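Observations on the model geometry
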Amino acid sequence: MAENILTVENLNIAYQGVPAVMDVNFTLERGKVLTIVGESGSGKTTVIRALMGLLSVGGEVTDGTMIFNGHNLRTLSKSEWRAIRGKDMAMIFQDSGSALDPIVRIGKQFRELFTSHIEITNDECDRRAIELLESVSLPNGADILRRYPHELSGGQRQRVGIAMALALDPALLIGDEPTSALDVTTQSQVVMQMLELAKEHNSAIVMVTHNLGVAAYMSDYIIVMKKGRVVDAGTPKDILENPSNEYTKQLKEAVPTLGGGRYID
Ligand SMILES: Nc1ncnc2c1ncn2[C@@H]1O[C@H](COP(=O)(O)OP(=O)(O)OP(=O)(O)O)[C@@H](O)[C@H]1O
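Residues numbered from 1 in each chain as written. Predicted model: local features only at pLDDT ≥ 70, side-chain atom pairs only at ≥ 80, totals over all residues. Heavy atoms only, no water.

**Side note on the domain arrangement of the chain**
Put simply, the test is: An automatic or database domain assignment supplies the start and end points of every domain. Summed over both partners, the accessible surface that disappears when two parts come together, traced with a 1.4 Å probe, is what is meant by buried area. What counts as a salt bridge is simple: a side-chain nitrogen of Lys or Arg found within 4 Å of a carboxyl oxygen of Asp or Glu. By the criterion applied in these results, polar contacts are pairs of N or O atoms within 3.5 Å in which, for protein atoms, one can donate a hydrogen and the other can accept it, and in which residues neighboring in sequence qualify only through two side-chain atoms. Secondary structure counts use DSSP, requiring at least four H or I residues in a row for a helix and at least two E residues in a row for a strand, with both numbered from the N terminus.
Taken as a whole, the chain is organised into domain 1 (1-88 + 170-265) and domain 2 (95-167). Just the C-alpha atoms count here: the centres of domain 1 and domain 2 sit 25 Å apart. In total, domain 1 and domain 2 occlude about 1,200 Å² of area from one another, counting both sides; carbon and sulfur atoms represent 66% of this. Taken together, the connections running from domain 1 to domain 2 amount to zero salt bridges. Our count for the domain 1 to domain 2 interface comes out at one residue pair in polar contact (both at pLDDT 80 or more). Those elements that place two or more of their residues in the side of domain 1 that touches domain 2 are α2 (78-84) and α7 (184-201).

Structure representation (structure tokens):
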């Protein structure tokens, strides 16, 4: 039987006591991709921030369990979180590029990332960083390592963010609209690269997107959220061929068409 890397049961989250996410359940196996879709304010970001232990101020998990790789995430101490985050579990934000430290060269940021989790020489850090940059289509890695973030384009910075997220072979990669700030061509390239790398590393992915087309293309499972609850869940085929919820039907209709055909067909 495939190993579950993540099990979420009856997850409830509130901000200042006001419920924002209610009764969310899902499981994810190693190497699989789960996408959360839904309208703005439906609770997507709240769910994945809870998974990273990074709910914004006032946010609190009020009920339920989240088990990641045998760890009960609700009971982790700050130092246990630090050990897991970035290593076993990594996150790519919409603007991961801008999360880079603006006054530190890229090479040094890679070294800091590696050395905070593993014993490694500087030369080995640089070698691995260059390899990772190559895998996200940044072939001039040695040059990139010498640069500051502002000396890169937005797309290059986002690729650096993805390379860093994958640097320590995370078992789980969490993405919040990881490509939405990029132009459409770069978006599809970056999604493909994320998928390829995740497959190579046997990492699972939980990703938030507004776009059911992207979700259908890249996922093994899709969860549709509305007003803090899961209103539909299943494989892309289940969701698209038999949307059980009126809202999913509307989302499906809203998928943009490409060349006259729906992207998801
Ligand atoms: N820091 C906060 N304080 C209070 N309420 C919040 C906070 N963050 C989110 N919420 C509320 O929680 C609900 C879910 O928000 P969340 O950001 O998770 O939605 P989302 O589906 O990710 O939206 P979007 O697609 O716009 O990013 C919303 O009603 C929102 O107003």
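**So, the layout of surface pockets**
One way to see where empty space is left: roll a probe the size of a water molecule over the atoms. Defined as follows: In this analysis a 1.4 Å probe is tested at points of a 1 Å grid over the protein atoms alone, and where it fits but cannot get out there is a cavity; an open set with protein on both sides within 12 Å along at least five of seven lines is a pocket; lining residues have an atom within 4 Å of a point. Grid points are joined across faces, edges and corners, and a volume is the space filled by probe spheres set on the points.
Volume-wise, the largest pocket comes out at about 630 Å³. In this structure, the largest pocket is lined by 21 residues; those nearest its centre are G86, M91, A99, L113 and M164. Per-domain counts for the lining of the largest pocket show at least three residues from each of domain 1 (1-88 + 170-265) and domain 2 (95-167).

**Thoughts on the packing of aromatic side chains**
Note the cut-off: Pairing of aromatic rings covers Phe, Tyr and Trp, the last counted by its six-membered ring, and requires centre-to-centre distances within 6.5 Å; plane angles under 30 degrees mean stacked, over 60 mean edge-to-face, and any other angle means tilted. Throughout, exposure labels follow a simple rule: accessible area from a 1.4 Å probe, protein chains only, divided by the maximum for the residue type, with under 20% read as buried, over 50% as exposed, and the rest as partly exposed.
Scanning the entire structure with this criterion turns up one aromatic pair. Relative to F114, the ring of F110 has its centre 6.4 Å away and its plane inclined at 25 degrees; by these criteria the two rings are stacked. Residue F110 and its partner F114 are located together in helix α3 (residues 106-115), separated by four residues, close to a single helical turn. A single burial state applies to F110 and to F114, both of which are buried.

**Quick word on the site of the ligand**
Our working rule: A molecule or strand has a residue near it when one of that residue's heavy atoms lies within 4 Å. Each accessible area value is a Shrake-Rupley result obtained with a 1.4 Å probe; residue values ignore everything except the protein chains displayed when judging cover. Each residue receives one of three labels: charged for Asp, Glu, Lys and Arg, nonpolar for Ala, Val, Leu, Ile, Met, Phe, Trp, Tyr, Cys and Pro, and polar for the others, Gly being one of them.
All residues adjacent to the ligand are Y15, A20, E39, S40, G41, S42, G43, K44, T45, T46, S56 and H210. T45 has a polar side-chain atom sitting 2.7 Å from an oxygen atom of the ligand. A total of 640 Å² of accessible area belongs to the ligand in isolation, and the protein chains cover 60% of it. Counting residues per element, the shell around the ligand draws most heavily on helix α1 (residues 44-51), at three residues. Split into classes, the residues belonging to the shell around the ligand amount to two nonpolar, eight polar and two charged.

**What about the sheet that holds strand β9 (residues 221-226)?**
Counted only if it meets this: DSSP-based pairing: two strands are paired if at least 2 bridges between them are found. An axis is simply a line fitted to the C-alpha atoms; with a helix, the fit covers only the stretch in contact. Between two such axes, the angle follows the N-to-C directions and lies from 0 to 180 degrees. Every residue pair with non-hydrogen atoms within 4.5 Å of one another is taken to be in contact.
A sheet is described by the order of its strands in space; here six strands give the open sequence β6-β7-β8-β3-β9-β10, paired in mixed fashion. The open sheet has two edge strands, β6 (89-92) and β10 (229-234), and neither has a second partner. Geometrically, the sheet is characterised by an average inter-axis angle of 20 degrees between neighbouring strands, direction not taken into account. As defined by bridge partners, strand β3 (residues 33-38) adjoins β9 across five bridges and the pair is classed as parallel. The residue bridging T35 from the neighbouring strand is I222, located in β9. α1 contacts β3, β6, β7 (172-176), β8 (204-209) and β9 of the sheet and is inclined by roughly 150 degrees relative to β8. Its contacts with the sheet place α7 against β3, β6 and β8, and it is angled at close to 160 degrees to β8.

**Some thoughts on the sheet that holds strand β4 (residues 59-68)**
Taken together, the four strands give an open sheet; going across it, the order is β2-β1-β4-β5, and neighbouring strands pair in antiparallel fashion. What marks the edges here is a single partner per strand, and that holds for β2 (18-29) and β5 (71-72). Pairing geometry for strand β1 (residues 4-15) and β4, over eight bridges, is antiparallel. In the sheet register, N12 faces β4, and the bridge partner there is D63. In this fold α1 packs onto β1, β2 and β4, with an angle of close to 120 degrees to the strand it touches most, β1.

**Details of the nonpolar core**
A general feature of soluble globular proteins is that nonpolar side chains tend to end up buried together. Filter applied, for reference: The criterion is simple. A nonpolar core is a set of buried Ala, Val, Leu, Ile, Met, Phe, Trp, Tyr and Cys residues joined through side-chain atoms within 4.5 Å.
Core analysis: the largest hydrophobic core is formed by 37 residues, its most contacted members being I106, F110, F114, L133, V160 and I205. Elements with a contribution of two residues or more to this core: β6, α3, α4 (122-135), α5 (141-145), α6 (154-166), α7, β8 and α8 (212-218). Both of domain 1 (1-88 + 170-265) and domain 2 (95-167) provide at least three residues apiece to this core. With residues near it in sequence (within four places) discarded, L133 still touches F110, L138, G141, I144, L145, V160 and A163. Residues L28, F68, M89 and I223 belong to the second largest nonpolar core, which totals 33 residues.

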